[in-house]
Each structure stands twice: as structure tokens, then as C-alpha cells.
Amino acid sequence: MRSGRQQVGLYSQNYSTSYSLQVDAAGASGNVTKIDGYGNVSTLPYTNGNDADLTEVPQYIVSSQCDGREGQRTGPVGYPGQ
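Residues numbered from 1 in each chain as written. Predicted model: local features only at pLDDT ≥ 70, side-chain atom pairs only at ≥ 80, totals over all residues. Heavy atoms only, no water.

## Let's talk about the pairing of strand β2 (residues 30-36)
Phase 1 of the analysis: Looking at chain direction, β2 and strand β3 (residues 41-46) are connected through six bridges and run antiparallel. Note on β3: the bridge partner recorded for G30 is Y46.
Phase 2 of the analysis: In textbook terms, the turn of a hairpin is the stretch between consecutive antiparallel strands, and for β2 and β3 this stretch comprises four residues, one of which, G39, has a positive phi near 90 degrees.
Phase 3 of the analysis: Sheet topology places β2 next to strand β5 (residues 59-62); four bridges connect them, and they run antiparallel. Its bridge partner being in β5, T33 is matched across the sheet by V62. (Pairing = 2+ DSSP bridges. Helix = DSSP H or I, 4+ residues; strand = E, 2+ residues; numbered from the N terminus.)

Spelled out as C-alpha cells, the structure:
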């Protein structure tokens, strides 16, 4: 007999979620630099102050627009400006 309750903790290859990070003021757009866990560097565009092209994989986001977010951010070891 099956119950109508949803099973918890099951893997689904179809499940996904989006992640975003506020990197600038609302309404602003531009680019940030992403450094992934393997050291690969790429440029990501953002709109409305949010970078929404992030994943659950550890990564660093580098932006010159983060001055107002002091104390809420950290830089990778060895990165200038840390």
C-alpha cells in the first residue's frame, strides 16, 4: 500500500535550482570574475545587481563593486586586494 506522502531524500537527475548573489546595487549591470574550485577564470555578466549564473560548486566571485559589502565577502588566498 502506498501513502500519498512525498518521499524525502531521493536523488533526481531532473531536479535543479538556481543560485544568485547580489554583486552590485539593484538596477545595476556589468561583469564579475568567477574563479572555480579548479582555478578556472571566467567573466559573468550580471543584471539588476544580481549574478544568477552560479552553481552549488564552491567558487569565488570577484567584483570591483563590492566595497559597500565589506565584512560579507572574502577573497581567495593569494588574490591581490585580500
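That covers the picture; the talk isn't over yet.
## So, the sheet that holds β2
Phase 1 of the analysis: The sheet built from three strands is open, its strands ordered β3-β2-β5 with antiparallel pairing. Each edge of the open sheet carries a strand with a single partner, namely β3 and β5. Taking the axes of each pair of neighbouring strands and ignoring which way they run, one obtains an average angle of 30 degrees across the sheet. (Axes fitted to C-alpha atoms, helices over the stretch in contact; angles between N-to-C directions.)

Fair warning: the whole summary comes from geometry, so function is off the table for now.
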